[in-house]
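Working through the structure, step by step
These are the residues of each chain, in order.
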Amino acid sequence: VHTLYPCFSPLDNLRVHGTNAVMDVHSRYPAIDDLRHKARKRIPAFVWEYLDSATGMEQTKARNRARLDEIGFLPSILHGEVKPDLSTKFLGHTRPLPFGIAPVGMSGLMWPDSETILARAARHAQIPYTLSTVASQSPEDLAPSIGEDAWFQMYPPRDEDIRRDMLARARSAGFSTLVLTVDVPVASRRERQTRSGLTQPPRLTPRLLSQVARCPVWAAGMAVRGMPRMRGLAKYTPKTTTALSSTQHAGYLLRTSPDWDYVSWLRDHWTGPFIVKGVLRAEDAQPLKDRGIDAIWVSNHAGRQFDAAPATIDALRSLRAATTLPLIFDSGVEGGLDILRAFACGANFVMLGRAFHYAVAALGPNGVPHLIDILEKDLQANMGQLGSKSLSELPPPFDLGSSPLL
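Cut-off values and rules
- Residues numbered from 1 in each chain as written.
- Predicted model: local features only at pLDDT ≥ 70, side-chain atom pairs only at ≥ 80, totals over all residues.
- Heavy atoms only, no water.
- Helix = DSSP H or I, 4+ residues; strand = E, 2+ residues; numbered from the N terminus.
- Buried < 20%, exposed > 50% of the residue type's maximum accessible area, 1.4 Å probe, protein only.
- Contact = heavy atoms within 4.5 Å.
- Areas by Shrake-Rupley, 256 points an atom, 1.4 Å probe, with all protein chains shown as cover.
- Pairing = 2+ DSSP bridges.
- Core = buried A, V, L, I, M, F, W, Y, C linked by side-chain atoms within 4.5 Å.
- Salt bridge = Lys/Arg side-chain N within 4 Å of Asp/Glu carboxyl O.
- Phe/Tyr/Trp six-rings, centres within 6.5 Å; stacked < 30°, edge-to-face > 60°.
- Lys NZ or Arg CZ within 6 Å of the ring centre and 35° of its normal.
- pLDDT = per-residue confidence, 0-100.
- Right-handed = clockwise from strand over helix to strand, strands pointing away.
- Arc of directions from axis to C-beta.
- Axes fitted to C-alpha atoms, helices over the stretch in contact; angles between N-to-C directions.
- Parallel < 35°, antiparallel > 145°, perpendicular 65-115°, else oblique.
- Nonpolar A, V, L, I, M, F, W, Y, C, P; charged D, E, K, R; others polar.

Re the overall build of the chain
Helix and strand content of the chain: 18 helices and 14 strands. Every one of the 406 residues in the chain was classed for burial, and the buried ones make up 55%. Restricting the contact set of the chain to residue pairs at least 6 apart, pairs at least 24 apart contribute 75%. Total accessible area on the chain is roughly 17300 Å²; 53% of this is exposed by carbon and sulfur atoms.

What about the environment of M383?
You can see M383 is positioned in helix 18 (residues 367–386). Residue M383 is classed as buried on the basis of its relative accessible area, which comes to 0%. In the structure, M383 is positioned twelve residues away from P395 in sequence and 9.9 Å away in space, judged by C-alpha atoms. Apart from the residues within four sequence positions on either side, M383 is in contact with V82, P84, D85, L86, L340, S388, K389, S390 and L391.

A few points about the pairing of strand 6 (residues 150–154)
Counting buried positions along strand 6 gives five out of five residues, so the element sits mostly inside the fold. The side-chain alternation of strand 6 yields two buried faces, one formed by A150, F152 and M154 and the other by W151 and Q153. Of the strand pairs in this sheet, strand 5 (residues 129–131) and strand 6 are connected by three bridges, and their pairing is parallel. Note on strand 6: the bridge partner recorded for L131 is F152.

A few points about the nonpolar core
If you look at the biggest cluster of nonpolar residues, it comprises 107 residues, and the most contacted ones within it are F99, W218 and F356. Setting aside residues up to four positions removed in sequence, F99 forms contacts with I127, P128, I339, F349, V350, L352, F356, I372, L375 and L379. A102, W151, I275 and F349 belong to the second-largest nonpolar core, a separate cluster that totals eleven residues.

So, the pattern of salt bridges
With the rule as written, the count across this model stands at 18 salt bridges. Among the salt bridges present, the one from K61 reaches D52, with a minimum N-O distance of 3.4 Å. With relative accessibility at 22%, the residue K61 sits in the partly exposed group. Its salt-bridge partner being D141, residue R231 comes within 2.8 Å of it at the nearest N-O pair.

Some remarks on the environment of V279
Note on placement: V279 falls in strand 10 (residues 274–279). V279 sits 33 residues away from T312 along the chain, and the two C-alpha atoms are 9.2 Å apart. Ignoring sequence-local partners within four residues, the contact set of V279 consists of D284, L288, I296, W297, V298, S299 and L319.

A few points about the packing of aromatic side chains
Working definition: an aromatic ring pair is given by the centre-to-centre distance plus the angle between the planes. Overall, the coordinates contain six aromatic pairs when judged by the stated rule. Relative to W297, the ring of W151 has its centre 6.1 Å away and its plane inclined at 80 degrees; by these criteria the two rings are edge-to-face. Linking W151 in strand 6 with W297 in strand 11 (residues 295–298), this pair joins segments that are 146 residues apart in sequence. You'll find W151 and W297 in the same group, each marked buried. Between the aromatic rings of F152 and F175, the centroid separation amounts to 6.1 Å while the plane-to-plane angle is 65 degrees, which identifies the pairing as edge-to-face. Of the two residues, F152 sits in strand 6 while F175 sits in the loop between helix 8 (160–173) and strand 7 (177–181), which places them 23 residues apart along the sequence. Its relative accessible area of 3% is what places F175 among the buried residues. Above the ring of Y155, the side-chain terminus of R255 is found at 3.9 Å from the ring centroid. Between the NZ or CZ atom of R304 and the centre of the ring of Y50, over which it lies, the distance is 5.4 Å.

Structural notes on the confidence of the model for the chain
Caution applies to low-pLDDT parts of the model: their predicted coordinates are not meant to be read in detail. For the chain, the average pLDDT comes to 90, and 90% of its residues sit at 70 or higher. This stretch, residues 1–22, has a pLDDT under 50; its non-local contacts, to residues over four places away or in other chains, come to 39 contacts.

Here we look at the pairing of strand 7
Regular strands place their side chains on alternate faces of the sheet. In terms of residue burial, strand 7 counts as a mostly covered element, since five of its five residues are buried. Of the two faces of strand 7, the one lined by T177, V179 and T181 and the one lined by L178 and L180 are each fully buried. With four bridges connecting them, strand 6 and strand 7 associate as parallel partners. Bridge pairing in strand 7 links Q153 to V179. Following the chain from strand 6 across helix 8 to the adjacent parallel strand 7, one finds a crossover that is right-handed.

Some remarks on helix 2 (residues 32–42)
Buried residues of helix 2: I32, L35, A39 and R42, and no others. The buried residues of helix 2 occupy one face: seen down the axis, they fall within an arc of 80 degrees. Set apart from the buried face of helix 2 by more than 90 degrees, the exposed residues are R40 and K41. The secondary structure elements touched by the buried residues of helix 2 are helix 3 (45–52), helix 11 (216–225), strand 13 (349–352), helix 17 (354–363) and helix 18.

Regarding the packing of helix 3 against helix 17
At a closest axis distance of 10 Å, the pairing of helix 3 and helix 17 adopts a crossing angle of 155 degrees. Between helix 3 and helix 17, the crossing angle belongs to the class labelled roughly antiparallel. On the side of helix 3, the interface is formed by W48, L51 and D52, while helix 17 contributes R354, H357 and Y358. Here the contact of helix 3 with helix 17 is composed, by residue class, of three nonpolar, one polar and two charged.

A look at unusual backbone geometry
In this structure, E58 takes a positive phi of about 65 degrees despite not being glycine. Mapped onto the elements of the fold, E58 is located in the loop between helix 3 and helix 4 (59–69).

Dropping the structure here:
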C-alpha cells in the first residue's frame, strides 16, 4: 500500500497517539461497531451516506438488526474444554471460515483501491470475495489479486451480446462463481444517499470538496488513483459529460429486470456454480432449484431496496423449511454471534458487505485481517459458551421474548 500511495504508512491507524509504539488493535477496535465509528471519521460525509444508508425510513435495515437480536440460545455447562471448528462445507468445498465478502457497488469510493485490498485479503484468508458489476475495478483489473474462490455478481444486462461478453470476461479473469442479483428490478430512492449530493461518476462540487478537505488520507489516495468510476461497464456505456444521480447511474442504462427465462439462460451459459441473490419468498425456492441453480442467497439488500421487506433472518427460516438447496445469508450481520444465529436458523454460509468496508475505511489494508480476526474470535467465544464443537452442533435457537424453559 505504501508503494501505491506514498503518503500512506501501513501503521497510520495503529500507532498510539504521541508515540511510535504499535498499539494492540483489539484493545481499541474490538468490535465491528468500533470500526464503523472510526470509518465515519475517515471518509467524507457523502461517501459515508452511500455506504451506511438504506431506503425510505430505513425500517427494513432496523428490522434486520432487531430480529437478529431476538434470537437466543441456551448456554450449556460442564461440557469440558471446547476447541471450536469453524470450517464448513459449502458448494462442494470445505472452507476454513463460514463467511465471505459480499459485493458492494463502487467499493473503491469507500477507500482507495478497496477492491484490490479486499480481494487480496480474501485470497489470503481463503474466503470468498465477490466483485460487483458496478465496482470501480473491472474483472481484468482484479485478476492478479483474486484467489480460487472469487465470485462475480451480475446486475442483469438487457443486451445478450453484453451478457455473453460479461460472462466471458469474468471467466477469463478467474472468477469461479456467478451471482445473479434479482432484488433490484428498479432503482430504489435511497433518500439519505440522494441528499448527500453524490452523483455517478462522482463530481466534486464545492459542498463535497469541503467534506473531502476534512479527510486528508482518503483525499490523498484518491488524488493518486483518481475518483472511482465503474470500470467494468466502461466498454458498454457511451462517454458522457452528464453526471447521473447515484441511484440512476450508468449501470441502470444497461440492465433489465430479469425473469425466469433469464435465469435459465444464465444457467445454460455459465459452467461454474450459479447463485441467485435477493430471494425472500419460500415459494421461489423450488422454481429456482428446477432451473439448476446451486444456492440461494437470502437477502433484502441490507434494507437498501424496499422498506417494507421482512427481516432476512425471518425469510431464511421460511426458505430453509421449503428447500434443501444451500442457503447464503446476509443483511445486518454485526459479529460472530449473528453468524451463529444465521446457521442455527438454516444458513449454510454468511456474507458481509458493509462490515468489510467499515474495516477498510477505518484501518486501510490492516482492517480486513483485523475484521476477520474479530469474527473468528467472536465465533470461538460464543461457540465455547454454547459447548458447540462445530457449526453443525449448535443448539436450537429460541425467541428471547419467550422462555425456552416452558
